[in-house]
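In case you want the letters, here they are:
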Amino acid sequence: QTTMVDMTSADGSTDRVGGNGIIMDGSDETIVAHNLLGSCEYAGVRTRTIEERVVEGRGGTARWNQLLNNIFYKCSKSIEFSNPSNKADGNLYAKRETIDQGHGLNWISTPEVLRLDLPAWQKYFGFDTKGAYGDLKINVDIDSLTMTWSLSGEVSDVETGDHFYHDFHGKAVSKLRKPGPFAQIPGTQEAISIDPRAGH
């Protein structure tokens, strides 16, 4: 359900493009919802077609996946879909990342490579009609398993599915909730625990 990813590639990695937050190799109909993905050298979420992985008589097509109500920050690419036969909606994108040499843009890699900001993502493909940019400030301390964060301005609630009526800390939430893994996003800098063992 709700997870947190803060990842970069390790020194000496054979993957020259750097780290991905979540990668789906040939997967169809996967739902990735209410995550916080950041500090990814490549993509926050990436899909890849794997034609040689044959299941039920066909290769992995990477279609009909859904990316819903996630938060993306400090990713070279927020989302990379290998084709447009997928869905994204309700995602929140860190505003600053969109103005630094294209960082934070969403990509579609086939049939042609497209680099899209949120308005183009919405206009040409109908993705993220309920998505938004936000002025997010996030600092993760891996040693203490805490995160200090805030969001300037208001972000609308998004509609969630039955499996996401509790947040990362186990707090009950309603059908309308904020994007990301937490019930609320603070307006001023606030430190919270991101220890997955706490409160469960």
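Everything below is about the structure printed above this text.
Quantities reported herein were computed from a predicted structural model and do not represent experimental measurements. (Residues numbered from 1 in each chain as written. Predicted model: local features only at pLDDT ≥ 70, side-chain atom pairs only at ≥ 80, totals over all residues. Heavy atoms only, no water.)

A word on the side chain of aspartate 195
Looking at the element boundaries, aspartate 195 is found in the segment after β17 (190–193). The exposure class assigned to aspartate 195 is buried, which follows from its relative accessible area of 15%. Here the side chain of aspartate 195 touches arginine 197 through a polar contact of 2.9 Å, side chain to side chain. With residues near it in sequence (within four places) discarded, aspartate 195 still touches Leu145 and Phe168. (Helix = DSSP H or I, 4+ residues; strand = E, 2+ residues; numbered from the N terminus. Buried < 20%, exposed > 50% of the residue type's maximum accessible area, 1.4 Å probe, protein only. Polar contact = N/O pair within 3.5 Å; in protein donor to acceptor, adjacent residues only side chain to side chain. Contact = heavy atoms within 4.5 Å.)

Re the pattern of salt bridges
In total, this model carries six salt bridges according to the counting rule given. Glutamate 80 is paired through a salt bridge with lysine 77; the nearest N and O atoms lie 2.7 Å apart. Relative accessible area serves as the criterion here: at 5%, glutamate 80 is assigned to the buried category. Across the pair glutamate 159 and lysine 175 runs a salt bridge, and its minimum N-O distance is 3.5 Å. Within this pair, whereas glutamate 159 is found in strand β15 (residues 158–159), its partner lysine 175 is found in the loop between β15 and β16 (176–177), the two being separated by 16 residues in sequence. (Salt bridge = Lys/Arg side-chain N within 4 Å of Asp/Glu carboxyl O.)

Section: the sheet that holds strand β7 (residues 66–68)
Taken in spatial order, the three strands line up as β3-β7-β9 in an open sheet, and their pairing is parallel. Each having just a single partner strand, β3 (31–33) and β9 (87–89) make up the two edges of the open sheet. Here the average twist between neighbouring strands, direction ignored, is 10°. In this sheet, β7 lies alongside β3 in parallel orientation, the contact comprising three bridges. Within β7, the position partnered with alanine 33 by the bridge is leucine 68. (Pairing = 2+ DSSP bridges. Axes fitted to C-alpha atoms, helices over the stretch in contact; angles between N-to-C directions.)

Quick look at the pairing of strand β11 (residues 105–108)
Of the two faces of β11, the one carrying Leu105 and Trp107 and the one carrying Asn106 and Ile108 are both buried. In terms of strand pairing, strand β8 (residues 71–81) meets β11 through three bridges, oriented parallel. What sits directly across from glutamate 80, in β11, is tryptophan 107. Where β11 and strand β12 (residues 114–116) come together, three bridges link them in antiparallel fashion.

Digging into the layout of surface pockets
There is about 170 Å³ of room inside the largest pocket. Lining the largest pocket are 13 residues; nearest its centre among them are Leu68, Asn69, Asp89, Lys130 and Glu159. Mapped onto the lining of the largest pocket, the elements with two or more residues apiece are β7, β9 and β15. Grouping the constituent residues of the lining of the largest pocket by class yields four nonpolar, five polar and four charged. (1 Å grid on protein atoms, 1.4 Å probe; cavity = no way out; pocket = protein on both sides within 12 Å on 5 of 7 lines; lining within 4 Å. Points joined across faces, edges and corners; volume = space filled by probe spheres on them. Nonpolar A, V, L, I, M, F, W, Y, C, P; charged D, E, K, R; others polar.)

Everything listed is a geometric property; what it means functionally is a separate question.
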